[in-house]
Amino acid sequence: MKLAKILKACRIDKPENFRLADHDPAETFGLSTDIENVKPILADGTARLKEIQQRLYANGRWAVLVALQGMDAAGKDGVVKHVMSGVNPQGCAVHAFKTPSAEELAHDFLWRAVKVLPERGRIGIFNRSHYEEVLVVRVHPEMLARQKLPPGFAGKDIWEHRFKAINGLERHLACNGMLVLKFHLRISKEEQRKRFLARLDEPMKRWKFSMADVTERRRWDDYMAAYEDMIRGTSTDDAPWYVVPADHKHVAWVVVSAAIVDALEKLKLEYPKIEGKALKELKDAERALRAAKPGRTGKVKRKK
């Protein structure tokens, strides 16, 4: 299957009809399950993203926000590592959202995400994101008490209000030159179990395992319901969701890479053109450099 068709299958353009169960976590879209056979596709995506990121940085008019959401062990870290491997670190920043701090809880639920949004010319990656506030907090409503909302502000319609607030923010960002791309890495419960066991079996990966992972796993169905409702409520033309099958890690890497490259290429970014007075100054500088006598090192002679 061509990449364009794969992206179409993953992108949620009609959220009102969205059902999470329609998206198989083990789907390969005809890609080989052997990563060695997929490496050329990954390498091509890495090279294309590297080149277009240079134009994004030089152009300085657009910004890109990539939000990664998924259950524990879904492969968010792996996507960052493999998809962004060719990107210049100066033009990219990764933010991992953990349990909110006291300072963050003292602000509205979007504050901690807004303050680290990427500036123009840069790519920002959210490893988890502002969507934690309609996922984890929804599955664990007791967390709302820590947010110190005024009486009456945490009713049963709070999630719809938060969806609207998120949509409003992302619409605002889109109207100001930011691409917002959101990826739900969809892993099966059985594949998560296998990855947890792999972490426990390998000493160098045990640090990744937490007993909280087991606790959250018991709420699997609640999380799936929260994800389905969230995607229905927040996949928009301005900020679409891509539901990415993640049981095969390299398939997820291909999809995320292709989606980012596709969105950036549609911007038709160009390097800034140097014209007029600025071009004349460059020509003058070039002539001066070419006329400089060779052999001068600029060293200062020491007095005897």
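Described in the following lines is the structure provided in the data block. (Residues numbered from 1 in each chain as written. Predicted model: local features only at pLDDT ≥ 70, side-chain atom pairs only at ≥ 80, totals over all residues. Heavy atoms only, no water.)

1. Quick notes on the packing of helix α3 (residues 76–83) against helix α11 (residues 249–265)
One way to put it is that α3 packs onto α11 with a least axis distance of 10 Å and a crossing angle of 55°. With respect to α11, the axis of α3 lies oblique. Note that α3 runs across α11; the crossing there is right-handed. Each of Gly-78, Val-79, His-82 and Val-83 in α3 lies in contact with α11, whose residues at this interface are Trp-253, Val-256, Ser-257 and Ile-260. Among the residues making up the contact of α3 with α11, the classes are represented as five nonpolar, three polar and no charged. (Axes fitted to C-alpha atoms, helices over the stretch in contact; angles between N-to-C directions. Helix = DSSP H or I, 4+ residues; strand = E, 2+ residues; numbered from the N terminus. Parallel < 35°, antiparallel > 145°, perpendicular 65-115°, else oblique. Left-handed = near helix turned anticlockwise from the far one by under 90°. Contact = heavy atoms within 4.5 Å. Nonpolar A, V, L, I, M, F, W, Y, C, P; charged D, E, K, R; others polar.)

2. Let's talk about the nonpolar core
The biggest cluster of nonpolar side chains holds 80 residues, and the ones touching the most others in it are Leu-49, Met-84, Phe-183, Met-230, Ile-260 and Leu-264. A per-element tally of this core places α11 first, with 12 residues. Those residues in contact with Ile-260, other than ones at most four positions away along the chain, are Leu-49, Val-66, Val-83, Met-84, Leu-181 and Phe-183. (Core = buried A, V, L, I, M, F, W, Y, C linked by side-chain atoms within 4.5 Å. Buried < 20%, exposed > 50% of the residue type's maximum accessible area, 1.4 Å probe, protein only.)

3. Considering the packing of helix α7 (residues 158–174) against helix α10 (residues 220–234)
Two elements in contact, α7 and α10, have axes whose closest approach is 9 Å; the angle formed by their N-to-C orientations is 45°. Taken together, the axes of α7 and α10 are oblique relative to one another. When you trace α7 past α10, the crossing you get is right-handed. For the pair α7 and α10, contact is made by Glu-160, Phe-163, Ile-166, Asn-167 and Glu-170 and by Asp-229, Met-230, Gly-233 and Thr-234, respectively. A per-class count over the contact of α7 with α10 returns three nonpolar, three polar and three charged.

4. Considering the sheet that holds strand β5 (residues 241–245)
What holds strands together in a sheet is hydrogen bonding between their backbones, with the strands either parallel or antiparallel. Strand order in the open sheet formed by five strands is β2-β3-β1-β4-β5, with parallel pairing between adjacent strands. Single-partner strands in this sheet number two, and they are β2 (92–96) and β5. Ignoring strand direction, the axes of neighbouring strands in this sheet form an average angle of 20°. Both strand β1 (residues 63–70) and strand β3 (residues 123–127) contribute to a ladder of five bridges, which runs parallel. Following the sheet pairing, Ala-67 is matched in β3 by Phe-126. Relative to the sheet, α11 contacts β1, β4 (178–186) and β5, its axis offset from that of β4 by approximately 165°. (Pairing = 2+ DSSP bridges.)

5. Overview of the pattern of salt bridges
In this structure the tally under the stated criterion is 22 salt bridges. Arg-193 is the salt-bridge partner of Glu-190, the closest N and O atoms lying 2.7 Å from each other. Taken together, the residues span about one helical turn, with Glu-190 and Arg-193 both in helix α8 (residues 189–201) at a distance of three residues. Residue classification places Glu-190 among the partly exposed residues on the basis of a relative accessible area of 37%. Judged by relative accessible area, Arg-193 falls into the partly exposed class, the value being 37%. With a closest N to O distance of 3.2 Å, Lys-280 and Asp-284 form a salt bridge. Of the two residues, Lys-280 and Asp-284 both sit in helix α12 (residues 276–291), four residues apart, roughly one turn of that helix. Taking the relative accessible area as the measure of exposure, Lys-280 reaches 52% and is therefore exposed. Take Asp-284: its relative accessible area is 31%, and that puts it in the partly exposed class. (Salt bridge = Lys/Arg side-chain N within 4 Å of Asp/Glu carboxyl O.)

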